[in-house]
Amino acid sequence: MDYTAMNERRKIGVEFGKKYVAKIKEMTKAPMVVQEKFLMKIISDSKDTEFGKEHGFDQIHSIRDYQEKVPLTTFDDYASYIERMANDGERGLISANDPVYYNKSSGTLGTPKRIPYSEEGKKLFSQPSRILF
């Protein structure tokens with residue numbers, strides 16, 4: 001790679017880094033607002049799923065509503081949904097976004113578990129979250 005190309009890539013990286021840092025600074029000014037907005041998007045997107053219907057997602061408009069309608073859960077509470085998705089190809093059970101693959105946990109606390117990942121979920125974990133959502 002020649003010097004000009006390397007310099008151009010560096011400039012792109014610096015600009016990306018500046019945008020990323022600026023977005024982080026903006027988000028940390030009001031983290032609860034950012035988190036509630038993100039939660040409400042997930043709830044809205046998932047209101048027509050089986051889990052969403054069972055827990056009244058269409059009536060959740062705040063963190064407090066969510067806390068009142070959705071009990072604390074463990075992986076075991078989702079295992080039957082994930083099994084139906086992975087084995088039977090069912091969709092719309094716990095997420096509006098279809099899984100594109102299943103990650104296998106290490107099983108350090110027991111039997112390894114299959115964790116579904118959607119295309120949207122993959123994006124959240126890549127390329128610094130596309131400048132954070």
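This text follows the structure it describes.
This is a predicted model, so every value here is computed, not measured.

Asker: So what exactly am I meant to see when it comes to the overall build of the chain here?
Answerer: Within the chain one finds seven helices and two strands. Tracing the chain from N to C terminus, the helices and strands come up as α-α-α-α-α-β-β-α-α. Relative to the 2.2 N^0.38 estimate, which gives 14 Å for 133 residues, the radius of gyration of the chain is 19 Å and therefore markedly larger than a compact globule would have. Looking at the chain as a whole, 18% of its 133 residues are labelled buried. Taking all contacts inside the chain whose residues are at least 6 apart in sequence as the whole, residues at least 24 apart take part in 38%. Element-wise, carbon and sulfur atoms account for 54% of the exposed surface of the chain, whose accessible area totals about 9,800 Å². Of note, the chain has its 22 positive side-chain charges centred 9 Å away from the centre of its 20 negative side-chain charges.

Asker: Sorry if this is basic, but what is going on with the environment of Gly52 here?
Answerer: For Gly52, the position within the fold is in helix H3 (residues 50-54). Taking relative accessible area as the criterion, Gly52 reaches 0% and is therefore assigned buried. Separated by 18 residues in the primary sequence, Gly52 and Val70 have C-alpha atoms spaced 9.4 Å apart. In this view, Gly52 contacts Ser46, Lys47 and Phe57; residues no more than four positions away in its chain are not counted.

Asker: Help me understand the pattern of salt bridges in this model?
Answerer: Once the charged atoms of two side chains with opposite charge are near each other, the side chains can pair. This structure, assessed with the given rule, holds seven salt bridges. Ionic pairing is found between Lys23 and Glu26, a salt bridge with its closest N-O pair at 3.8 Å. Pair noted here: Lys23 and Glu26 are both in helix H1 (residues 3-29), with a separation of three residues, about one helical turn. You can call Lys23 partly exposed: its relative accessible area is 26%.

Asker: Help me understand helix H5 (residues 76-88), please; the structure alone is not making it clear to me.
Answerer: Structurally, the α-helix is built with 3.6 residues per turn, so residues lying three or four positions apart point the same way. Given a rise of 1.5 Å per residue, 13 residues ought to cover 18 Å, and the 18 Å separating the end C-alpha atoms of H5 matches this to within 8%. Here H5 has its buried residues at Tyr81, Ile82 and Met85. Where the residues of H5 are buried, they touch H3, strand S1 (99-104) and strand S2 (114-118). Among the residues trailing H5, Gly89 stands out with phi positive, at a value near 75°.

Asker: Any chance you could explain the packing of aromatic side chains here in plain terms?
Answerer: Aromatic ring pairs are described here by two measures, namely the spacing of the ring centres and the angle between the planes. For the coordinates displayed, the defined rule picks out four aromatic pairs. Judged by centre distance (6.0 Å) and plane angle (85°), the ring pair of Phe51 and Tyr81 falls under edge-to-face. One end of the pair, Phe51, is in helix H3; the other, Tyr81, is in helix H5, with 30 residues separating them in the sequence. For Tyr81, a relative accessible area of 8% translates into the label buried. Here Tyr101 and Tyr117 contribute two aromatic rings whose centre-to-centre distance is 5.3 Å and whose plane-to-plane angle is 10°, an arrangement assigned as stacked. Of this pair, Tyr101 sits in strand S1 while Tyr117 is found in strand S2, placing the two residues 16 residues apart along the sequence.

Asker: Quick question: what am I supposed to make of helix H2 (residues 31-46) here?
Answerer: Taking 1.5 Å as the rise per residue, H2 with 16 residues should run 22 Å; its terminal C-alpha atoms sit 22 Å apart, in good agreement. Among the residues making up H2, those that are buried are Leu39, Met40, Ile43 and Ser46. Each buried residue of H2 sits inside an arc of 135° when the element is viewed along its axis, so together they form one side. For H2, the exposed residues set more than 90 degrees away from the buried face come down to Val33 and Lys37. Where the residues of H2 are buried, they touch H3 and helix H4 (63-69).

The rules behind these values
Residues numbered from 1 in each chain as written. Predicted model: local features only at pLDDT ≥ 70, side-chain atom pairs only at ≥ 80, totals over all residues. Heavy atoms only, no water. Helix = DSSP H or I, 4+ residues; strand = E, 2+ residues; numbered from the N terminus. Rg over C-alpha atoms; globule rule 2.2 N^0.38 Å. Buried < 20%, exposed > 50% of the residue type's maximum accessible area, 1.4 Å probe, protein only. Contact = heavy atoms within 4.5 Å. Areas by Shrake-Rupley, 256 points an atom, 1.4 Å probe, with all protein chains shown as cover. Lys, Arg positive; Asp, Glu negative; His and termini not counted. Charge placed at Lys NZ, Arg CZ, Asp CG, Glu CD. Salt bridge = Lys/Arg side-chain N within 4 Å of Asp/Glu carboxyl O. Expected span 1.5 Å × (residues − 1). Phe/Tyr/Trp six-rings, centres within 6.5 Å; stacked < 30°, edge-to-face > 60°. Arc of directions from axis to C-beta.

Bear in mind that shape data such as this cannot, by itself, settle questions of function.
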